[in-house]
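Geometric and topological summary
For reference, the chains in residue letters:
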Amino acid sequence: MEKRTDYCGSITEKYVGQRVSLDGWVQKRRDLGGLIFIDLRDYKGIVQLVFNTDHKEALEIAESLRSEYVINILGTVRLRDESAINDKMTTGKVEVVVDTVELLNKSVTPPFEITDNVDASEETKLKYRYLDLRRPEMQKAIRTRAQIKHSVHEYLHDNGFIDIETPNLTPSTPEGARDYLVPSRVYPGHFYALPQSPQLFKQLLMVGGFDRYYQLAHCFRDEDLRGDRQPEFTQIDLEMSFMSAEEIQEVTEGLIARVMKDEKGIDVKLPFPRIDWDDAMARYGSDKPDIRFGMELQDLNDIFAESEFKVFKGTIDNGGHVKAIVVKNNADKYSRKNIEAYQEYIKRFGAKGLAWLKFNDDKITGPVAKFITAQESALVERLGLENNDLVLFVADKKKVVADALGYLRVAIAKELKLYDPNEFAFTWVVNWPLFEYDEGIQRWTAAHHPFTMPNEEDIHYLDEDPHKAYAQSYDIVLNGYELGGGSIRIHNAEIQEKMLKALEFTKEKAYAQFGFLLDALQYGCPPHGGLAIGLDRFAMLLSGKDNIRDVIAFPKNSNATEPMTHAPREVDPNQLVDLGIEVSKTSDK
RNA sequence: GGUUCCUUGGUCUAGUUGGUUAGGACGCCUGCCUGUCACGCAGGAGAUCGCGGGUUCGAUUCCCGCAGGGACCGCCA
C-alpha cells in the first residue's frame, strides 16, 4: 500500500503534472470499454480517475471495482480538455491518470448511495449509520461539531477556566426530568442516577475554590424525544464565582462570538439584546423568541372589553386575553381552507378557535367582521392595517393565546420566508419567574431549578408570597431555539432552605436529598453562577440542520432506541440476579 | 400516556367500486462501447405487498388487533 500523498478533494490545477497517491472510496464507475472513469471520494471531496489502455493492468482491476470499494491509486494529475471540464466539481478542471491501483477492500452493495441527496428513510440511515456518516453533509456536520468543541476549549482555557470532570454515577433526585437509573450490585435495591446535568457538582466546585469551571458534560434525561432533544446530549457547562449575572452573560457572549467567528467567519454584534421573560411571552408568545422577524403579538383587550362579540368579551370577562398577529401584505396567500387547517392545528394547544379577517379597500372582511364593526376603526389604527393584511385572533387563557399565536407567528414566517435562514439572531431572555405552576401535579415547581437566586428585591417574597418572585436567571436563545440557560445560584444556606420550603420540601426531605449542598453552603460558599449551552443544538444550528441527530455520531431514534445496536436490549437473567432485580410481567413490552 | 400519519423488490415509490403477469425510477448482474461525469445501448435477476386474525368464491386493496417507523401534545427542574 502506497503512502497517501494527498486528499481527493484537494487535487486542483496546482497539482498538474504531479504524481500523487490517493486513498478513497469508489463513488461511481463509468465504464466506456477501453476507457474507465472512476470518481474517488474521501472526506475532502471527489476527484475523477482515468484508466486507459496505456496501463492495462490497472484498467483490468478498474473493471472489477464497484461502489464503496476501498482503493489506493498512483497516478499523474493532468488538465482536462476544455470540453471535458466539469464546473460542478471543485476538482473538475483536472483528472488523475492512474497507472497503479491496489484494491484495499471490497464492499457489498450498500443499501443506499453515499451522497447528499440520499433518499433512504431515517430508519435505514440509522441502521447503517456508519454508511450515513460517510455522506459529505454528515462529515461536515460532525466536523463542525468537533470544531466548535475545539474553539470552546481554547476560549475557556484562555479565559482562565479549568476543565473538571464530575461523576456520571450520581444520586437520583426526583425534581426535574426523569432519571436514567443504574442499579448498584453492592447494595441491591439502591441506584445511581446518570446526571441530568452536573448542576450540584459544579456548585460544589465553587465551594471548593475553583472559581472558573467548565466541562463538555454528557447529560442524560429519560424523557420523550423531539427534533432538538435526545436522551443523552452534551452541555458546554460553565460556573463562575464572584460574578454578576451580567458578567457571566458577557463571558458567554465572548465564547459565542469566538465560535461564530471560527466556524462561520461571522462577527456577531455584542452585546446581544436582552428581553424580559414577561415581554418575550407578551410580544412573541414564547420564552425562546425568534427575533429574525416581527409579526409580534398585539394585546387587544382594551379594544374588545365592551364588544358585543361574545367570544371576545366573554374571554376578557373571564380574565383571558384577546391577541392578534398581523400577516402583512399576504392575505391573498391564505384561503379560508388554509386558515382552517391552522385552526385545527392550534387546537392541540387548547385553543377553541381561530378568528380572522382580511383588510382590503379600507374595510375588513371575514367571518367575524360583522361582529366587530364597532371596533373596526380602533382596530385598523392599532394594528396599522393596510391593503392585503391578514389578522389572526386568538381569545383564550394567557398560556393558550401565547402557545397558539406563538406557533402561528413562527409557522407563517417560515411559510412566507419572512427571514433569512442564514441569519443568526441571538438574544438573552432574562428575569424569569422563580416558580411556575405545574398543572399535572397541582403545585408550584422551580422554573429553572431549586438553586436559583431570586432577584435581590424579591427575596422577601420567599416568606410572604413566593410565587411573586422573579429570578436571576437567563436563557440564551438563537433563532427560536433555547441554546442555553443559567442563573446566579443561591450561596446562602438560609435562603436555600426558604426556597426548598417554598417548593414544599420538608426539612427532613430537603436534607435527605440535598443535605450535602446545604452543608456546603455553610462553609463560606462564594457567590456564584453559571450557565450551560447545548452543544448539540449549537452544532445543529451552525450546520443548518433541523434535527440534532445530524450532529451526533450515533443518536437514538424518536423512540429512544438505536436501530443499529438495538439498544436498549434484554439482559442475561444472571445479570439481574446479581443486581437483585426482578422484571414485573406487566411492564414487559 | 395521548393524537395523527405511514409500512409494496436492495432503496424510493405507483397501485380503488376487492379479480393486475403487482408498474416505475435508482441500484444490482451479464454483454457491448476510448471522453464520461444523472455516461449510453442490449438483455436479465430480484417482492411470501410489516405480522396475526376476520369479512368474502377471492384481500396488497375492506374491518379488527399487534409490531415497527415519522410528526406533534403531554413530559423535558
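Here the residue numbers are simple positions, counted from 1 along each chain's written sequence. To label them, take the chains in the order written and letter them from A, then take the ligands in the order written and number them from 1. The model is predicted, so local features are restricted to residues of pLDDT at least 70 and side-chain atom pairs to those at 80 or more, both for listing and for counting; the totals for chains, interfaces and linings are taken over all residues. Values reported for side chains reflect all heavy atoms of the structure, with hydrogen atoms and water molecules removed beforehand.

**With respect to the packing of aromatic side chains**
This is how the line gets drawn: Here is the rule: rings of Phe, Tyr and Trp (six-membered ring for Trp) pair when centre to centre is within 6.5 Å. Planes less than 30 degrees apart are stacked, more than 60 are edge-to-face, and the remainder are tilted. Only protein chains enter the accessibility calculation, which uses a 1.4 Å probe; a residue whose area is less than 20% of its type maximum is buried, one above 50% is exposed, and one in between is partly exposed. By definition, any uninterrupted DSSP run of H or I lasting at least four residues is a helix, any uninterrupted run of E lasting at least two residues is a strand, and each is numbered from the N terminus.
On inspection of all chains with the given rule, the structure shows 18 aromatic pairs. Here the aromatic rings of Tyr 345 and Phe 349 are separated by 6.3 Å at their centres, their planes lie at 55 degrees, and the arrangement is tilted. Residue class for Tyr 345 comes out partly exposed when judged on its relative accessible area of 30%. Seen in terms of ring centroids, Phe 426 and Phe 538 are 6.5 Å apart; in terms of plane orientation they differ by 90 degrees. Their pairing is edge-to-face. Of this pair, Phe 426 sits in strand E17 (residues 426-430) while Phe 538 sits in helix H15 (residues 535-542); the two residues are 112 residues apart in sequence, bridging distant segments of the chain. Comparing Phe 426 with Phe 538 shows no difference in burial state: the two are buried.

**Here we look at the UniProt feature "binding site: L-aspartate" (unreviewed entry) in chain A**
Convention followed: UniProt positions are given in the numbering used here, feature names are shortened, and annotations may be inferred rather than shown by experiment. Contacts are residue-level and defined by heavy atoms, with any inter-residue pair within 4.5 Å sufficient. The definition of a polar contact used here is a pair of N or O atoms within 3.5 Å, where within protein one atom must be able to donate a hydrogen and the other to accept one, and adjacent residues in sequence count solely through side-chain atom pairs.
If you check UniProt for "binding site: L-aspartate" (unreviewed entry), the listed places come out as Glu 175, Arg 221, His 448 and Arg 489 in our numbering. You can see Arg 221 is positioned in the loop between strand E9 (212-220) and strand E10 (232-241). In this structure Arg 221 touches Ala 177, Arg 178, Tyr 180, Gln 196, Ser 197, Pro 231, Phe 233 and Gln 235, once residues within four positions along its chain are discounted. A distance of 3.2 Å separates a polar atom in the side chain of Arg 221 from the backbone oxygen of Gln 196. Relative to the helices and strands, Arg 489 resides in the loop between strand E21 (481-488) and helix H13 (493-502). For Arg 489, the side chain forms a polar contact with the side chain of Glu 239, separated by 2.8 Å.

**Description of the sheet that holds strand E15 (residues 363-365)**
We apply this condition: When DSSP finds two or more bridges between two strands, those strands count as paired. Here an axis means a line fitted to C-alpha atoms, over the contact stretch when the element is a helix, while the angle between two N-to-C directions is reported on a 0 to 180 degree scale.
As summarised here, the arrangement of the five strands in space is E12-E13-E16-E14-E15, forming an open sheet in which the pairing is antiparallel. Of all strands in the sheet, those with a lone pairing partner are strand E12 (298-299) and E15, marking the two edges. Lying on the sheet, helix H9 (residues 310-317) is in contact with strand E13 (321-327), strand E14 (355-360) and strand E16 (389-396); it crosses E16 at an angle near 45 degrees.

**Quick look at the protein's contact with RNA strand B**
This is how it is decided: Near residues are defined by distance, with any heavy atom within 4 Å of the molecule or strand qualifying the residue. For this classification, the nonpolar set comprises Ala, Val, Leu, Ile, Met, Phe, Trp, Tyr, Cys and Pro, the charged set comprises Asp, Glu, Lys and Arg, and every other residue, Gly included, is treated as polar.
Surveying the vicinity of RNA strand B reveals 48 residues, the closest of which are Asp 31, Thr 53, Arg 348, His 448 and Ser 558. Contact between RNA strand B and Glu 223: a sugar or linking oxygen at 2.5 Å from a side-chain N or O atom of the residue. The side chain of Asn 559 places a nitrogen or oxygen atom 2.6 Å from a phosphate oxygen of RNA strand B. Counting residues per element, the surface near RNA strand B draws most heavily on strand E1 (residues 19-31), at three residues. When its residues are assigned to classes, the surface near RNA strand B shows 12 nonpolar, 19 polar and 17 charged.

**Some thoughts on the sheet that holds strand E5 (residues 94-105)**
Spatial strand order, E1-E2-E3-E5-E4: five strands in a closed barrel with mixed pairing. Across this sheet, the average inter-strand angle for adjacent strands is 55 degrees, counted without regard to direction. Looking at chain direction, strand E4 (residues 70-79) and E5 are connected through 10 bridges and run antiparallel. Note that in E5 the partner of Leu 79 across the bridge is Val 94.

**Comments concerning the packing of helix H5 (residues 199-207) against helix H14 (residues 507-521)**
What counts, and what does not: To sort the angles, those under 35 degrees are grouped as roughly parallel, those over 145 as roughly antiparallel, those from 65 to 115 as roughly perpendicular, and the leftovers as oblique. Handedness of a crossing follows from how the near helix is turned relative to the far one, being left-handed for an anticlockwise turn of less than a right angle and right-handed for a clockwise one.
At a closest axis distance of 10 Å, the pairing of H5 and H14 adopts a crossing angle of 20 degrees. Here H5 lies roughly parallel to H14, going by the angle between them. H5 and H14 meet at a crossing whose hand is left-handed. Residue-level inspection shows Leu 200, Gln 203, Leu 204 and Val 207 of H5 in contact with H14, the latter providing Phe 514, Phe 516, Leu 517 and Ala 520. Residues belonging to the contact of H5 with H14 are distributed by class as follows: seven nonpolar, one polar and no charged.

**What about the UniProt feature "binding site: ATP" (unreviewed entry) in chain A?**
Let me state the cut-off plainly: Think of a 1 Å grid over just the protein atoms. A cavity is a set of points where a 1.4 Å probe fits yet cannot get out, a pocket is an open set with protein on both sides within 12 Å along at least five of seven lines, and lining residues have an atom within 4 Å of a point.
Those places that UniProt annotates as "binding site: ATP" (unreviewed entry) correspond, in this numbering, to Arg 221, Asp 222, Glu 223, Gln 230, Glu 482, Gly 534, Leu 535, Asp 536 and Arg 537. Within the annotated group just given, the residues that line the second largest pocket are Asp 222 and Glu 223. Along the chain, the position of Gly 534 falls in strand E22 (residues 528-534). Those residues in contact with Gly 534 that lie beyond four places of it in its chain are Thr 234, Leu 483 and Gly 484.

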